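Descriptive structure summary
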Amino acid sequence: MTQTAPAPIIAFDRVTKRFGALTVLDDFNFTVAPGEKVTLIGPSGSGKSTVLRILMTLEPFQEGTLTLAGMSYQQPNGTGPFKAGERHLRQIRSHVGMVFQSFNLFPHMSVMRNVVEAPVRVLGLSRAEAECRAVDLLALVGLADKKDHFPAQLSGGQQQRVAIARALAMRPRVLLFDEPTSALDPQLVGEVLSVIRSLAHEHDLTMLLVTHEMRFAREVSDRVCFFDKGRICEQGAPDQIFTNPQQPRTREFLASVL
Ligand code: ADP
Ligand code: MG
């Protein structure tokens, strides 16, 4: 019996993204397998956040096709069959969760409501059902006792753990992390990384992580992609990228951050 590789859960097919005259992604190709944990590393301004924001459908692109969880789409000016309609985009978005550098919790809502709101409004869960799920998720991120607190009463590390619970409450198949620990005081980084580490053991969850925590990237990733000027300059198993990078640009970057 021959084994065929599963279809990728994420596929950028010749995607071009411009901001005005600035081309950030030029004919960009990138695939991620279901359940794979992939880290993007690379200099500031190279387009890493843009990749995640496009996946979250927060950012339109000009050319190419994006496939997510079996659904493909193009912008209305594209040339193929998969034109993005708002309903289609919502469906795609329902498979993806994102955790931002700046937490982005709703400041006027309790921790519990932050986690419960989207499942109730978007997925149509009953409040009781959503709260039941939220209790489990808050326990998972170690914050069961903070459910009635407001974001301002929590440390940055705790707020980020709530943001992770909130993203998981939508049961995404793909979870995106954009420098989730960059805004944190150094002593709070560990608690957030340890939550992400435990998620990395979830076989079915696909994770795409942008981080400057190189030791962490090495530990949790199946694959590390070095991103430079809107393209993947080099990628491979973490041990290979961190101990034996082939490209001069990768070596230079690693020397500057390690
Ligand atoms: P990274 O996350 O790797 O630091 P970004 O994806 O944020 O890089 O940005 C890639 C490039 O796109 C940068 O040159 C940045 O200045 C530019 N850029 C990002 N967002 C916008 C925007 N909303 N408008 C104009 N330019 C942007
Ligand atoms: Mg960024």
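Refer to the structure printed above.
Below: a short report on this structure. Quick caveat, the model's predicted, so the values are computed rather than measured.

Moving on: the sheet that holds strand β2 (residues 22–32). Taken in spatial order, the 4 strands make up an open sheet running β2-β1-β4-β5, and their pairing is antiparallel. Since the sheet does not close on itself, it has two edges, and those belong to β2 and β5 (71–73), each with one partner. Averaged over all pairs of adjacent strands, the angle between strand axes in this sheet comes to 20°, irrespective of strand direction. Two elements, strand β4 (residues 63–68) and β5, share 3 bridges in a ladder whose sense is antiparallel. Opposite Leu68, over in β5, you have Met71 as the bridge partner. This element, helix α2 (residues 86–93), spans β4 and β5 of the sheet and lies at about 130° to β5.

Right, let's get into the pairing of strand β1 (residues 10–19). Inspection of the sheet shows β1 paired to β2 by 7 bridges, in the antiparallel sense. Across the sheet, residue Ala11 finds its bridge partner in β2, namely Thr31. Counted along the chain from β1 to the antiparallel partner β2, the turn is 2 residues long, and its residue Gly20 has a positive phi close to 60°. Strand direction decides the pairing type here: β1 and β4, joined by 5 bridges, are antiparallel. Bridged to Ala11 within β4 is Thr67.

We now examine the packing of aromatic side chains. In total, this model carries 6 aromatic pairs according to the counting rule given. Aromatic pair Phe12 and Phe28: ring centres 5.2 Å apart, planes at 70°, arrangement edge-to-face. In this pair, Phe12 sits in strand β1 while Phe28 sits in strand β2, placing the two residues 16 residues apart along the sequence. A relative accessible area of 2% places Phe12 in the buried class. Aromatic ring contacts, followed pair by pair, group Phe12, Phe28, Phe30 and Phe227 into a single cluster. The aromatic ring of Phe19 is capped on one face by Lys17, whose charged end is 4.3 Å from the ring centroid. Above the ring of Phe106, the side-chain terminus of Arg166 is found at 5.1 Å from the ring centroid.

Glancing now at the site of ligand 1. Neighbouring ligand 1 are Phe19, Leu22, Val24, Pro43, Ser44, Gly45, Ser46, Gly47, Lys48, Ser49 and Thr50. Between ligand 1 and Ser46 there is a distance of 3.2 Å, counted from an oxygen atom to a backbone nitrogen or oxygen. Separating an oxygen atom of ligand 1 from a side-chain N or O atom of Lys48 is a distance of 2.8 Å. Burial of ligand 1 by the surrounding chains reaches 59%, relative to a free accessible area of 560 Å². When residues of the shell around ligand 1 are assigned to their parent elements, the largest contribution, 3 residues, is made by helix α1 (residues 48–55). Along the lines of polarity and charge, the residues of the shell around ligand 1 split into 4 nonpolar, 6 polar and 1 charged.

Here the focus is the state of the cysteines. Within the structure shown, the criterion is met by 0 disulfides. Sulfur of Cys225: no disulfide; nearest cysteine sulfur belongs to Cys233 and is 11 Å away.

About the thresholds
Residues numbered from 1 in each chain as written. Chains lettered and ligands numbered in written order. Predicted model: local features only at pLDDT ≥ 70, side-chain atom pairs only at ≥ 80, totals over all residues. Heavy atoms only, no water. Pairing = 2+ DSSP bridges. Helix = DSSP H or I, 4+ residues; strand = E, 2+ residues; numbered from the N terminus. Axes fitted to C-alpha atoms, helices over the stretch in contact; angles between N-to-C directions. Contact = heavy atoms within 4.5 Å. Phe/Tyr/Trp six-rings, centres within 6.5 Å; stacked < 30°, edge-to-face > 60°. Buried < 20%, exposed > 50% of the residue type's maximum accessible area, 1.4 Å probe, protein only. Lys NZ or Arg CZ within 6 Å of the ring centre and 35° of its normal. Near = heavy atom within 4 Å. Polar contact = N/O pair within 3.5 Å; in protein donor to acceptor, adjacent residues only side chain to side chain. Areas by Shrake-Rupley, 256 points an atom, 1.4 Å probe, with all protein chains shown as cover. Nonpolar A, V, L, I, M, F, W, Y, C, P; charged D, E, K, R; others polar. Disulfide = S-S within 2.5 Å.

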